[in-house]
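# Observations on the model geometry
Listed here are the chains, written in short residue letters.
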Amino acid sequence: MLFLHEFCQMGSKLFQSFILHSPITTFFFIFIAIPMCFCVDNQQYEECTSSLYECGDMKGIGYPFWGDGRPKFCGQQGFELKCQNDDYPLIDIGSLEFRVLNISNSTYAMRIARKDFWDQTCPKEFQSTTLNYTLFDYAGTDRNLTLFYGCPDDVLSQLPATWNISNNFTCSVEDINDTTAFYADEAFLGLDQHLAILRTCKINVTLPVLGAAIDELNANRTGGEFSNGERLEKAMNMGFDVDYSVVRGLCVHCNTTGGICGSSSTSSFSCLCRDKSYPYSCQKSGMFPIRLLYIHQTVRLARVHGLMAELIIA
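Positions within a chain are numbered from 1, following the residues in the order the chain's sequence is written. Per-residue local features of the predicted model are confined to residues with pLDDT of at least 70, and side-chain atom pairs are confined, for both listing and counting, to 80 or more; whole-chain, interface and lining totals are unaffected and use all residues. Hydrogens and water molecules were not included; the side-chain quantities draw on all heavy atoms of the structure.

### Quick word on the overall build of the protein
Only runs of H or I of at least four residues qualify as helices and only runs of E of at least two qualify as strands under DSSP, and these elements are numbered from the N terminus. Within the protein, the regular secondary structure consists of eleven helices and 15 strands. Contact definition: two residues touch when any of their heavy atoms are within 4.5 Å. Sequence-distant contacts, at least 24 apart, represent 64% of the contacts inside the protein between residues at least 6 apart. Per-residue and other accessible areas follow the Shrake-Rupley method at a 1.4 Å probe size, with only the shown protein chains counted as cover for residues. Summed over its atoms, the accessible surface of the protein is roughly 18,000 Å², and 56% of this surface lies on carbon and sulfur atoms.

Set out below in structure tokens:
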């Protein structure tokens, strides 16, 4: 009788263990006790991942840019893009608008051109280009081109003959009778006698352009099928390169921890992670590996006890 009693107790315990550690119990344990680590709880992370910026032929533009359906928290203040007629984006830098010609996500660089000088050399207002140097900087491919407006006619006779042919164009400026205008690069303005002559002009504006565009202008000083103004328009339409790698440092660290870069209402930078947003990088939980090991042990025990229970019942 004693032997039978002990045998029954052992069978009861094995049965209870079977119920506790059966695969069905383990299944519920996984879904109830373990967080869904592979699900995305942060809506901002999901939204920024799925809504990259697009405008015309420009697609797949990510941080720090935002606008036109891509939320502000996916980018950073100062990088809003505004799509024009589904053709090209504009960006405001200071008080000026620029056409965005190209964006390189990998090198943190973009090529832009002044909107007010697009396809024209005679804008309504005259303002030199300035950048927000906390966000942008000029690239090594850029050189300055200075445009002089309202120049006296006798300036033509004082400048070198080659400049009379290709460096002058016409522009009517309000309240200024003189319509003669000139463009000059840094090399020309480096000579004091040239600069002194052009200072007699009423207005001057300095614009960055690609060095290759200036070289092309200088190579075509003898004239050709295009007018001086048309060649100048073409050079300015090529735009110039700006660097915005200042945003790179924090972003790279965020990316290496599995997050994507963004911002918040209280900070210019925020690391958007699957679970939530953090100031600089995603925080990894140390509990997941331990729980995963526990699940593995539970499944193994369930298999052993299940086999033993089958032997007892049989």
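### Here we look at the pattern of salt bridges
Charged atoms that come close allow side chains of opposite charge to pair. Salt bridge criterion: a side-chain nitrogen from Lys or Arg within 4 Å of a carboxyl oxygen from Asp or Glu. Inspection of every chain in the model, using the stated rule, returns nine salt bridges. With its nearest N and O atoms 2.8 Å apart, the salt bridge here joins Asp92 to Lys82. Pair noted here: Asp92 is in strand S4 (residues 88-93) and Lys82 is in strand S3 (residues 81-84), with a separation of ten residues, a long-range link. Working definition: with a 1.4 Å probe on protein chains only, accessible area under 20% of the residue-type maximum means buried, over 50% means exposed, and in between means partly exposed. You can call Asp92 partly exposed: its relative accessible area is 36%. Overall, Lys82 belongs to the partly exposed group, its relative accessible area being 25%. Measuring nitrogen to oxygen at the nearest pair gives 2.7 Å for the salt bridge that ties Asp241 to Arg111. Taken together, the residues Asp241 in strand S12 (residues 240-243) and Arg111 in strand S6 (residues 109-114) connect sequence positions 130 residues apart.

### Quick word on the sheet that holds S4
Pairing is antiparallel in the open sheet, where six strands are placed in the order S3-S4-S5-S6-S12-S7. Strands with a single pairing partner mark the edges of an open sheet, and in this sheet they are S3 and strand S7 (137-138). A strand pair is defined by DSSP finding two or more bridges across the two strands. In terms of strand pairing, S4 meets strand S5 (residues 96-104) through four bridges, oriented antiparallel. In the strand pairing of S5, Leu90 is matched with Arg99.

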